[in-house]
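# A structural walkthrough
In case you want the letters, here they are:
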Amino acid sequence: MENKKEKLLEINNLTVRYNTDDAVVHAVNNLNVDLFRGEARGLVGETGAGKTTLALSILRLLPERVGEIEDGSIIYDGESLLELPEAEMLPLRGKRISMIFQDPMTSLNPTHTVGAQILEVLNLHFPEMSATEKDAKVDEMLTLVGIPPERKKSFPHEFSGGMKQRIVIAMALVAEPELLLADEPTTALDVTIQAQIL
């Protein structure tokens, strides 16, 4: 009997545009992508090709009143993400679908420690976990990305760009998501760290 792979993500004829004061920008045009469980897929394109727009569309995080999904469908684990109410999207984001954003400088809150920011993901999605378990998980994630756990009490400005990028990666991975959207996740990292992270 043939082992059939299970489809995790199915994008059909996705068309996305940005409505600006100056013009309508067509960012994604009739895109079709299938992704199966356990599969990794890379999208290559020049700046402005629509890679980030695609990731933001999947998470339904396009800029309000500017970004618009004009046509198509995004099916995740059998559910239409474009038809889900916002209240049902919230538990998906960060837990089942997570994203490593391109710019760590704007992805971290400067007023909170990095440990508190990783912990926030666990507090939102795993309320049943004990404080001790959550603390251990934060330490584990920091260690995984090559940052000493004692640095969790530090603020983002106390880290280099590459270390901030690793913290953003730890935040994206802490809930062990089924789908990880990585938007140029290693841009701020040196070559040896890039290889480790990948």
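To be clear, the structure that these remarks concern was listed above.
Just so it is clear, the model here is predicted, and its values are computed rather than measured.

Rules used in this analysis
- Residues numbered from 1 in each chain as written.
- Predicted model: local features only at pLDDT ≥ 70, side-chain atom pairs only at ≥ 80, totals over all residues.
- Heavy atoms only, no water.
- Salt bridge = Lys/Arg side-chain N within 4 Å of Asp/Glu carboxyl O.
- Helix = DSSP H or I, 4+ residues; strand = E, 2+ residues; numbered from the N terminus.
- Buried < 20%, exposed > 50% of the residue type's maximum accessible area, 1.4 Å probe, protein only.
- Axes fitted to C-alpha atoms, helices over the stretch in contact; angles between N-to-C directions.
- Parallel < 35°, antiparallel > 145°, perpendicular 65-115°, else oblique.
- Left-handed = near helix turned anticlockwise from the far one by under 90°.
- Contact = heavy atoms within 4.5 Å.
- Nonpolar A, V, L, I, M, F, W, Y, C, P; charged D, E, K, R; others polar.
- Pairing = 2+ DSSP bridges.

## Observations concerning the pattern of salt bridges
Scanning the entire structure with this criterion turns up 17 salt bridges. The partner of Asp77 in a salt bridge is Arg37, and the shortest N-O contact between them spans 3.1 Å. Here Asp77 is found in the loop between β3 (67–76) and β4 (79–80), whereas its partner Arg37 is found in the loop between β2 (24–36) and α1 (51–59), with 40 residues between them in sequence. When its relative accessible area of 31% is taken as the criterion, Arg37 is described as partly exposed. Across the pair Glu176 and Lys137 runs a salt bridge whose closest N-O atoms are separated by 2.7 Å. Here Glu176 is found in the loop between α6 (161–173) and β6 (179–182), whereas its partner Lys137 is found in helix α5 (residues 131–144), with 39 residues between them in sequence.

## Digging into the packing of helix α4 (residues 114–125) against α6
At their nearest, the axes of α4 and α6 sit 8 Å apart, and the two run at 20 degrees to each other. With respect to each other, α4 and α6 are oriented roughly parallel. Between α4 and α6 lies a crossing whose hand is right-handed. In this structure, α4 contributes Val114, Gln117, Ile118 and Val121 to the contact, and α6 contributes Ile167, Ala170 and Met171. Partitioned by chemical class, the residues of the contact of α4 with α6 number 6 nonpolar, 1 polar and no charged.

## Considering the sheet that holds β4
In spatial order, the strands read β2-β1-β3-β4; together these 4 strands make up an open sheet with antiparallel pairing. The strands lining the two open edges of the sheet, one partner per strand, are β2 and β4. The sheet contact formed by strand β1 (residues 7–19) and β2 spans 9 bridges and is antiparallel. The residue of β2 that forms the bridge with Leu14 is Leu31.

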